[in-house]
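Given next are the chains, with one letter for each unit.
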Amino acid sequence: MSSVFNRRTSGSVVCPSCGSLVGVRDAKCYSCGRSNPGLWGFGPVLRRLGADFSFTHVVIGACVTLWIATLLMSGGSVGGGGIMSALSPSSTVLILFGASGAYPVFGLGRWWTVLSAGWLHAGLLHVAMNMYWLWQMGPALTELFGPARTVIIYTAGGVAGFTLSSVAGAYFPNLPFLRTAGLTIGASAPLFGMIGALYHYGRTGSSIARQMAVSIMVQAVIFGLLVPGIDNYAHLGGFAGGYFTSAFLNPMTRERGDHMIVAILCLAASALAIAASFVVLFR
Ligand SMILES: [Zn+2]
């Protein structure tokens, strides 16, 4: 019998905590003691979701779609000056969609934008650059950490990066390299989370991962120094967020069903943050 959700009602499934085989109706896993290891029969669906999920494609699809949406909503006010401002949505529309930074977070009380800002971009070059980096790193990270832990690292990097950037913008003085912005967006904060995780993995797992992290980091820092308007606080916070999330998730262990549940919650919270940005402004 198969339904849309393919809920399993008999037989054995894999415990989402420890990976042992358990009966789908067992109240407790005999290996690790987790209660409801069968997840009401939804465990196999979660596992398949993880196997089918292409993190890199999903993020690129969402970022490009949202960039086009913000452009369209900006209508006539689309910037067309230099290369950095080519095809730029207006600040008002970006705030509407959930831009983060000192002004939205502390000025407007929109704290949840630390979850939404990573999905928004300020122009063609901005989105193209970030998606290129994602294309370079996404498959490697998904391979090393698994798709669910990659989502968790990506989300944590974004939250940490935009939180640091917003706090710095509100309370820290401006430094030459560490400028703060009233408004901040872009996938580079969560991407720095991926770099941080790769760097952490490289310390314990493989030197290739570490070399990759360092090489991307050097490029990003040079880019951050040369190009005006780069939010280096967000990058710094993102790196730290990804590094510590990787340490916490222990990439040397196998990805578990529990990671997929947390990953789904991360993506749902991010989507909700964008939705909330709309609703609250029109309240
Ligand atoms: Zn177990």
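Residues numbered from 1 in each chain as written. Predicted model: local features only at pLDDT ≥ 70, side-chain atom pairs only at ≥ 80, totals over all residues.

1. Section: the packing of helix 7 (residues 147-171) against helix 10 (residues 232-249)
Packing of helix 7 against helix 10 brings their axes to within 7 Å, and their N-to-C directions diverge by 140 degrees. Classified by the angle their axes make, helix 7 and helix 10 are oblique. In this structure, the crossing between helix 7 and helix 10 has a hand that is right-handed. Looking at the contact of helix 7 with helix 10 residue by residue, the class counts come to 13 nonpolar, twelve polar and one charged. (Axes fitted to C-alpha atoms, helices over the stretch in contact; angles between N-to-C directions. Helix = DSSP H or I, 4+ residues; strand = E, 2+ residues; numbered from the N terminus. Parallel < 35°, antiparallel > 145°, perpendicular 65-115°, else oblique. Left-handed = near helix turned anticlockwise from the far one by under 90°. Nonpolar A, V, L, I, M, F, W, Y, C, P; charged D, E, K, R; others polar.)

2. Some words on the domain arrangement of the protein
By the assigned domains, the protein splits into domain 1 (12-50) and domain 2 (53-281). Distance between the C-alpha centres of domain 1 and domain 2: 33 Å. Taken together, the contact pairs ten residues of domain 1 with ten residues of domain 2. With five residues, the top contributor of residues to the side of domain 1 that touches domain 2 is helix 1 (residues 43-52). Tallied by class, the residues present in the side of domain 1 that touches domain 2 amount to five nonpolar, four polar and one charged. (Domains from an automatic or database assignment. Contact = placed C-beta atoms within 7 Å.)

3. Concerning the nonpolar core
In this structure, Met194 and Leu198 are the most contacted members of the largest nonpolar core, which totals 62 residues. Among the elements that line this core, the one with the most residues is helix 7, at eleven residues. The contact partners of Leu198, leaving out residues within four places of it in the chain, are Met137, Leu141, Ala209, Met212 and Ala213. (Core = buried A, V, L, I, M, F, W, Y, C linked by C-beta atoms within 7 Å. Buried ≥ 20, exposed ≤ 12 C-beta atoms within 10 Å, placed from the backbone.)

4. Some words on helix 1
Looking only at helix 1, the buried set comprises Gly43, Leu46 and Gly50. Buried residues along helix 1 cover an arc of 65 degrees about the axis, so they all sit on one side. The exposed set on the far side of helix 1, more than 90 degrees from its buried face, consists of Arg48, Ala51 and Asp52. Those residues of helix 1 that are buried lie in contact with strand 1 (12-14), helix 7 and helix 11 (257-281). (Arc of directions from axis to C-beta.)

5. With respect to the environment of Met252
Of note, Met252 is situated in the loop between helix 10 and helix 11. Among the residues examined, Met252 registers 8 C-beta atoms within 10 Å and is labelled exposed. With 48 residues separating them along the chain, Met252 and Thr204 place their C-alpha atoms 8.2 Å apart.

6. Thoughts on the packing of helix 7 against helix 11
Where helix 7 contacts helix 11, the axes come no closer than 8 Å and their chain directions differ by 40 degrees. What the angle tells us is that helix 7 and helix 11 run oblique. Our pair here, helix 7 against helix 11, has a crossing hand that is left-handed. In this structure, helix 7 contributes Ala148, Arg149, Val151, Ile152 and Thr155 to the contact, and helix 11 contributes His259, Met260, Val262, Ala263, Cys266, Leu267 and Ser270.

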